[in-house]
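Here's the letter readout for the chains.
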Amino acid sequence: MKKTLGLCCLLFPVLTLGCSTTSTSSAEKNVEMVDHFADNAFGNPVAVVQHPAGQYHDGITYVSYQGPLEDPYVAAYNHETKEWLGPFKAGVSEMGKDPSRPKIDNHGKPTMMIDDEGYIHIFYGGHGGTPEHGDNPLGNHHYGANKHAVSKKPLDISEWEDLDTIPPFGTYNQVLKMDNGDMYLFYRHGAHRSDWVYQVSTDNGRSFTPPVSFLKHKRRDDVEGVDSWYPWVGHGQGNDIIVSFDYHLCWDRDARERGHTANREDLHYMVFDTDTKEWRNVQGERLPMPLTREVADQKTKVVDSGDLWTFNGAAALDPDGNPHILMNAGKDVGLVTGGPKQPIHYRWDGSKWVGGVTIGPLKSRADLMVKSATDVSVFMTYQDADGKAVIARTDSDDAGNTFGKGEVLFRHGKGSFAISALIDDAHPDARIIASPRTSDSKLKNVYLVGDNGPVQRKK
Ligand code: ZN
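Criteria and cut-off values
Residues numbered from 1 in each chain as written. Predicted model: local features only at pLDDT ≥ 70, side-chain atom pairs only at ≥ 80, totals over all residues. Heavy atoms only, no water. Helix = DSSP H or I, 4+ residues; strand = E, 2+ residues; numbered from the N terminus. Rg over C-alpha atoms; globule rule 2.2 N^0.38 Å. Buried < 20%, exposed > 50% of the residue type's maximum accessible area, 1.4 Å probe, protein only. Contact = heavy atoms within 4.5 Å. Areas by Shrake-Rupley, 256 points an atom, 1.4 Å probe, with all protein chains shown as cover. Lys, Arg positive; Asp, Glu negative; His and termini not counted. Charge placed at Lys NZ, Arg CZ, Asp CG, Glu CD. Domains from an automatic or database assignment. Buried area = accessible area lost by both parts, 1.4 Å probe. Salt bridge = Lys/Arg side-chain N within 4 Å of Asp/Glu carboxyl O. Polar contact = N/O pair within 3.5 Å; in protein donor to acceptor, adjacent residues only side chain to side chain. Nonpolar A, V, L, I, M, F, W, Y, C, P; charged D, E, K, R; others polar. Core = buried A, V, L, I, M, F, W, Y, C linked by side-chain atoms within 4.5 Å. Pairing = 2+ DSSP bridges. Axes fitted to C-alpha atoms, helices over the stretch in contact; angles between N-to-C directions. Donors = N, O, S within 2.8 Å, 3.2 Å for Na, K, Ca; no water. Tetrahedral: all angles 85-135°; square planar, octahedral: opposite > 155°, others 65-115°.

> What is the right way to look at the overall build of the protein chain in this model?
Across its full length, the protein chain carries three helices and 33 strands. Whereas a compact globule of 459 residues would reach a radius of gyration of roughly 23 Å, the protein chain reaches 23 Å, a difference of no more than 12%. Considered along the principal axes of its C-alpha atoms, the protein chain spans approximately 85 × 50 × 45 Å. Every one of the 459 residues in the protein chain was classed for burial, and the buried ones make up 55%. Summarising the internal contacts of the protein chain: among those between residues at least 6 apart in sequence, 54% fall at separations of at least 24. A total accessible area of about 19400 Å² is found for the protein chain, and carbon and sulfur atoms account for 50% of it. Once the 49 positive and 62 negative side-chain charges of the protein chain are each reduced to a mean point, those two points are 6 Å apart.

What follows is the structure, encoded as structure tokens:
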């Protein structure tokens, strides 16, 4: 820093006003900082469901997002030196390149995990695959190809290579690393008429078991449509994995003459014991796998959403092992996407599901952190009364029965944000990745936001 500024004074001896060779702090004041760390986000570059999109590890926060041509990008922030590295392109998506398909698909945004040897993995680029990829034995096709890339060196985001470990049909990747280093990759094995599956790696992601179905897609015999699902996976107690999910009836044609819509309903919950590979409901009853709608309706339902359309949200356990779940819900307004939704909090009190408390206004998206049996924090994005995009945190000290007014962490220009889930093992300064939500193909800024607002970068 001093060296550069000395050079500056030397080269421009007349313009020495902003230069100082004696005081680093006054020199640093003259470095122009910006709120964003990258300016090449494309489409909706992050979402809560593809998670985690970033991970904190040994003083550094690693983040990923969808960039130009729907390719995955990775950047890193050093919390000690306050310096950014990247972004670097980490792979090439099969989507986003075909001029005859100008609509941004947005399903292939990256999911990230660092293995026990420090290699950084991303899973990206998939939305069901195409018939050219061959027969999908567990569902239908749509677009793209699900891919797995890994950093060439540990904790080095500058060079990447693809690994051949997963089928091309997956989408909505979600990955968890267990305490013993095993990696569990969850995804939907195709377009929206497909099973949800998991694959396990016990060798730091160099190979994975074949896919195992846990949520079954199935043609209904009472109405013209297919059972389908949208889950969210998270860490449970010990080697358990918890899954909250909602149901999608994929109509051939619904009452409004619509085919596939974003109509989802109800909220469910179950637990996966990765030691025994057995699944159970919240009461501890063993579940037959892969789970069907008939069994789910009897054994795993948290709440019936009635006429509301849902969008699955995050789940987390309190220290007693009781789950807290966010369900996003809103009205059907005649559009295939449904109307705006808002997060609603539910929790298991040890003997029954309680809650139903609405958090945040319509069009909110959120993730939650449960610190104790009573302390619950929700990080969310919404549009405020002035139409500005906001990222805020709201806390409950009574297990979610009531939430505080909330604290705005970042307020941006007109519009709304797409946000990631909470970063894995997040540093308090760097909890969520955010970017303005738009439908055009202009490149946009990406932000890393924590308790002190956006993590800044030298311009
Ligand atoms: Zn559908």
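> Just to check I follow, could you spell out the domain arrangement of the protein chain for this structure?
Note: interface size is frequently given as the accessible area lost on complex formation between the parts. One can read the domain layout of the protein chain as domain 1 (1–9 + 40–179 + 435–459) and domain 2 (216–419). Between the C-alpha centres of domain 1 and domain 2 there is a distance of 24 Å. Contacts between the two partners involve 22 residues from domain 1, matched on the other side by 24 residues from domain 2. Both sides of the domain 1 and domain 2 interface together cover about 2000 Å² of buried area, and 63% of this is carbon and sulfur. Sorting the residues of domain 1 by area buried against domain 2 places Val48, Leu176 and Met178 first, and these three jointly supply 28% of that buried surface. Our count for the domain 1 to domain 2 interface comes out at one salt bridge. For the interface between domain 1 and domain 2, the tally reads nine residue pairs in polar contact (both at pLDDT 80 or more). Looking at the side of domain 1 that touches domain 2, the elements that each hand over two or more residues are β11 (171–177), β30 (432–436), β31 (444–450) and β32 (453–454). Ranked by the residues each element gives to the side of domain 1 that touches domain 2, the list is headed by β11, at four residues. Here the side of domain 1 that touches domain 2 is composed, by residue class, of 12 nonpolar, seven polar and three charged.

> Quick question: what am I supposed to make of the nonpolar core here?
Counting residues in each nonpolar core, the largest one holds 29 residues, and the members touching the most others are Leu368, Val378, Ile391, Phe417 and Ile419. Taken together, the elements giving at least two residues each to this core come down to β21 (309–317), β25 (365–370), β26 (376–383), β27 (388–396), β28 (407–414), β29 (417–419), β30 and β31. The biggest single contributor to this core is β26, with five residues. The residue makeup of this core includes at least three contributed by each of domain 1 (1–9 + 40–179 + 435–459) and domain 2 (216–419). Apart from the residues lying within four places of it in its own chain, the contact partners of Phe417 are Thr381, Ala389, Val390, Ile391, Phe410, His412, Ala434, Ser435, Pro436, Arg437 and Tyr447.

> Honestly, the sheet that holds strand β4 (residues 60–66) in this entry has me stumped. Any pointers?
Picture the strands of a sheet paired through backbone hydrogen bonds; they go either parallel or antiparallel. In space, the four strands of this open sheet follow the order β3-β4-β5-β6, with antiparallel pairing throughout. Bordering the open sheet on either side are β3 (54–57) and β6 (83–89), each of which pairs with just one other strand. Averaged over all pairs of adjacent strands, the angle between strand axes in this sheet comes to 15°, irrespective of strand direction. Bridge analysis of strand β5 (residues 72–78) against β6 gives five bridges, and the strand direction is antiparallel.

> Looking at this structure, I do not really get the pairing of β21. What am I missing?
Regular strands have side chains that alternate between both faces of the sheet. Within β21, eight of the nine residues are buried, which leaves the element mostly enclosed by the surrounding structure. Bridging between β21 and strand β22 (residues 323–330) involves seven bridges; their strand directions are antiparallel. Following the sheet pairing, Leu317 is matched in β22 by Pro323. Linking two consecutive strands that pair antiparallel, namely β21 and β22, is a turn of five residues; a positive phi of about 90° is found at Gly321 within it.

> So what exactly am I meant to see when it comes to the coordination of the zinc ion here?
A four-donor tetrahedral metal ideally has 109.5 degree angles, and a six-donor octahedral metal ideally has angles of 90 or 180 degrees. Each protein donor to the zinc ion is listed here as His192 (ND1), His248 (NE2), Cys250 (SG) and His260 (ND1); together their distances run 1.9 to 2.3 Å. Taken together, the four donor atoms surrounding the zinc ion define angles of 86 to 134° at the centre, an arrangement classified as tetrahedral. Motif for the zinc ion, donor spacing along one chain: H-x55-H-x1-C-x9-H. The two residues His248 and Cys250 agree in class, both being buried.

> Hey, could you run me through the pattern of salt bridges in this one?
Charged atoms that come close allow side chains of opposite charge to pair. Tallying each qualifying case throughout the model produces 29 salt bridges. Where Asp156 meets Lys153, a salt bridge forms, and the shortest distance between an N and an O atom there is 3.9 Å. By relative accessible area, which is 44% here, Lys153 ends up partly exposed. Notably, a salt bridge pairs Arg220 with Asp222, separated by 2.9 Å at the nearest N-O pair. Residue class for Arg220 comes out buried when judged on its relative accessible area of 16%. In the salt-bridge network here, residues are joined through shared partners; they are Arg193, Arg219, Glu224 and Asp252.

> How do you make sense of the sheet that holds strand β12 (residues 183–188) when you look at a structure like this?
Spatially, β11-β12-β13-β14 is the arrangement adopted by the four strands of the open sheet, whose pairing is antiparallel. Whereas interior strands pair on both sides, the edge strands pair on one side only; in this sheet they are β11 and β14 (212–215). Across the sheet, the axes of successive neighbouring strands diverge by a mean angle of 25°, strand direction being ignored. In the sheet, β11 pairs with β12 via five bridges, with the strands oriented antiparallel. The residue bridging Thr171 from the neighbouring strand is Arg188, located in β12.

> Quick question: what am I supposed to make of the side chain of Ser372 here?
By the element assignment, Ser372 lies in the loop between β25 and β26. At 3.0 Å, the side chain of Ser372 forms a polar contact with the backbone nitrogen of Asp375. Every residue in contact with Ser372, bar those within four places of it in the chain, is listed here: Asp318 and Pro319.

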